[in-house]
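Results of the structural survey
Letter by letter, the chains look like this.
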Amino acid sequence: MDFDLGEEAAALRARLRTLIEAEIPGDFLGAFTDDPADLETTQRFCALLAREGLLTVAWPAEYGGAGGSVWDQTVVREEMWAHHEPRGPQYMGLNWVGPAIMAFGTDEQKRRHLPPIAEGSVIWCQGFSEPDAGSDLAALATRATPDGDGWRIRGQKIWTSYAGMARWCVLAGRVGPGERHEGITMFLVPMDAPGITVVPIDSMLGPHHLNEVFLDDVPVGPDAVLGEVGGGWAVIRRALAHERVGIARYARCERLLSLLADELRDAGTQLPEHLGVQWARALTQVRVARLLAYRAVLAQEAGGPPDAAASAARIAVTRCDQLVAELLFQVLGDRSLEAGPGAALAGAIEDHWRYAQAATVASGTLEVQQMIVAKDLLGRPG
Amino acid sequence: MNPVLPRDAVEFGETARMAFESVGGIQAARRAEADPTSRAEVSGLLTSLGIDDLDPRAEADTAAAAAVLCEEAGRVALSYPVAGAVLRTGGLPTALVPPHHLRVDHGDLFEAWHVCRPDGRASTARATGPALGTRLGPFVCDLDADDDLRPVDHADPADAELRNWWLTLSGWTILGALDRAVELATAHTRDRVQFGKPLTEFQTVRFQLADAAIAVAGLRELALFALWRLDVAPDRARPDVLALRSHALDVARFVLRATQQLHGASGLCDEVDISILVRHLQPALRLPAGAEDTAIELVAAIAADGFDGLFPHGRVA
Ligand SMILES: Cc1cc2nc3c(=O)[nH]c(=O)nc-3n(C[C@H](O)[C@H](O)[C@H](O)COP(=O)(O)OP(=O)(O)OC[C@H]3O[C@@H](n4cnc5c(N)ncnc54)[C@H](O)[C@@H]3O)c2cc1C
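Keep in mind that what you see is a predicted model, and the values were worked out from it rather than measured. (Residues numbered from 1 in each chain as written. Chains lettered and ligands numbered in written order. Predicted model: local features only at pLDDT ≥ 70, side-chain atom pairs only at ≥ 80, totals over all residues. Heavy atoms only, no water.)

So, on to the environment of B:Ala125. Inspection of the secondary structure assignment puts B:Ala125 in strand S5 (residues 122-127). Residues B:Ala125 and B:Glu111, 14 residues apart in the sequence, show an inter-C-alpha distance of 8.8 Å. (Helix = DSSP H or I, 4+ residues; strand = E, 2+ residues; numbered from the N terminus.)

Okay, structure coming up:
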């Protein structure tokens, strides 16, 4: 038995922290702000990581990766999320779009799409959810109709993160007469295709996070289909399982808990006992979430069906996110109402609280994850 | 035993509700965030509702009316400090402020405030600049005291009474907001169809709604009880008032989370009412103190004054 991620992973972590310290401003809170400089920071940082061979640490060498272990990949996720994801929206391409193209794409799709992802030069978005297809994703109604040797896509997506920033979208549409899971097909669609309109949605998360995407007879070629026509559900399941472990929310929780304690110590104070007790409990919860996430990584590495372990980890991690967000607010008292560089930890705590409220909805709600875990307990197929 | 509000107060609540809806309900809060000067409209509306004659310290009937006005204000996230505005000292509205600085929601709406700290010190204070303008504190302002805060040994017993009333009325505001949150979640899940049926057809959703509704019902009992205690035993009501405040903060955490969750992603969007309610209620949940610090205050108050408002404590002599 050994819980050590290994020397290589530790060295990788140290290297990433050095790079972040050197390249990312201290008050950086992610790419999704009103300040375009933040997106530029992430674009520069992705290019740098790519040059350093760190962007696609765990991708196989044949696709431009370093062939690293899943633990290297885990360390990258942790350090990135802990530091407000300095890869910006590109994490999505790296975490699951690239791997999905490796698994389901044609040689031509791999040649075309994997190098820009590996070089850190392209932003992807995920067009799954629709107004009437949220938790019930199989109810999606966006339709692709054959047109010449290609397709025309018509429908609407919603909640599409970073759609306004993205150059490409992995879009779930419906082909043929099939219902529910049958007929769902994945398309790789350029966001500048004619007929696509992106409308941002104002939310408590801040700009860029949520958008509507309208598809008005968008023409795409035969090469846009990812995987089999009608075989989209398998791609979605795999994508979501990757996504659910792909965001190491526990790492930001742990970093914020520890930074706040440091800050208090520097100011010559400490947590009052009643909050200190909760702080220690929260750290323990974060550790549990981290270990469950590691368990999900192991399950994925073993090649088994990833759903239940990924969902279990996701439940623990997102609950942790909200628990820690509220505890940090209790520690700050009314200072929690401040935002921006002048606020506690340069606004990181306020930002975390708002974003944490979405954690139990994004990538499938907490309740949907519970259903997946329960199905697994009962020995039923997902 | 007759734990109900006087008929007049209930009717007054209905009038206030119609008045707030006539200016758009929660939509008015959205407007105020975009243009804080639009709060003048709310101020006019409250004057026409007779807010100037609602000092809860006057008699039980005005106290009940003030409480329901606060509740109705909470239901629409009214962009106005109603609890502070009904509690006047020398003509100034009252605010309870945190221990280390003078911070007041809507602090810019009045020329000057009578501010009370948890340790008993008080002073007149004025807003020093614009509101924070943040997503979680759009109207929160910092104030400066005109003179040094009156020291503790000169604490005015009238301030202790003010504090009790302020905490009680702000509890009613939170109650109103949470009651509305449950209503919004119920309406949303009844309308929203997933897996071929309304979400309310799923038992888990019903359980969540039921738990939230029970939490709000419990809070309402406590709010009524605190109101009664301030009437019949004002000198011994501090633990009852703090119990209301403490419980309101605990229930708010749970109810806002559950009801926003039931909205799915739409619950995070500013065009959906629950999002405005969650954001605009944050100052009430953090000022003058959050749930954990309030619970600690409650412990001290129980140690000092006991908790046997309904049930005698202690051993048989
Ligand atoms: C920050 C954020 C980013 C997102 N990014 C993207 C993106 O990039 N691309 C994309 O495609 N989507 C994205 N989404 C959408 C996300 O996948 C959906 O919001 C999610 O699947 C839930 O769907 P919904 O919002 O329609 O909620 P609903 O499905 O309407 O659910 C509402 C509530 O009902 C509950 N519920 C639903 N069905 C049941 C049931 N059978 N039993 C019990 N309870 C139930 C839910 O758990 C929830 O609490 C994002 C969402 C968020 C919050």
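Attention shifts here to the side chain of B:Ser38. All names here are of chain B. For Ser-38, the position within the fold is in the loop between helix H2 (26-34) and helix H3 (39-48). For Ser-38, a relative accessible area of 16% corresponds to the buried category. Not counting residues up to four positions away in its chain, the partners in contact with Ser-38 are Arg-31 and Ala-32. (Buried < 20%, exposed > 50% of the residue type's maximum accessible area, 1.4 Å probe, protein only. Contact = heavy atoms within 4.5 Å.)

Once that is clear, we can look at the site of the ligand. Within the structure, the ligand sits among 30 residues, and A:Gln126, A:Ser129, A:Ser135, A:Thr365 and B:Arg192 are positioned closest to it. Those residues lying near the ligand are distributed over chains A and B. With respect to the ligand, the backbone of A:Ser129 contributes an N or O atom lying 2.7 Å from an oxygen atom. In the model, a nitrogen atom of the ligand is placed 2.9 Å from a nitrogen or oxygen of the A:Ser161 side chain. When the ligand sits alone it has 970 Å² of accessible area, and the protein chains cover 95% of it. Grouping the amino acids of the shell around the ligand by side-chain chemistry returns 15 nonpolar, 13 polar and two charged. (Near = heavy atom within 4 Å. Polar contact = N/O pair within 3.5 Å; in protein donor to acceptor, adjacent residues only side chain to side chain. Areas by Shrake-Rupley, 256 points an atom, 1.4 Å probe, with all protein chains shown as cover. Nonpolar A, V, L, I, M, F, W, Y, C, P; charged D, E, K, R; others polar.)

Time to look at the pattern of salt bridges. Residue and element names in this part refer to chain B. Within the structure shown, the criterion is met by 44 salt bridges over all chains. For the salt bridge of Asp-179 with Arg-75, the shortest nitrogen-to-oxygen distance reads 3.1 Å. Remark: Arg-75 occurs in helix H4 (residues 60-75) and Asp-179 occurs in helix H6 (residues 157-191); sequence separation between them is 104 residues. Residue class for Arg-75 comes out buried when judged on its relative accessible area of 4%. (Salt bridge = Lys/Arg side-chain N within 4 Å of Asp/Glu carboxyl O.)

Once that is clear, we can look at the interface of chain A and chain B. Each side of the interface is counted separately: chain A has 39 residues, and chain B has 36 residues. Buried surface at the junction of chain A and chain B, both sides included, amounts to about 3,100 Å², of which 57% is carbon and sulfur. By the criterion of area lost to chain B, the three top residues of chain A are A:Met204, A:Asp334 and A:Leu337, representing 23% of everything that side buries. Across the chain A-chain B interface, the total number found is 21 residue pairs in polar contact (both at pLDDT 80 or more). Put simply, the parts of the chain that give the side of chain A that touches chain B at least two residues each are helix H8 (273-301), helix H9 (307-332), helix H10 (348-356) and helix H11 (366-377) of chain A. It is H9(A) that contributes the most residues to the side of chain A that touches chain B, four residues altogether. (Buried area = accessible area lost by both parts, 1.4 Å probe.)

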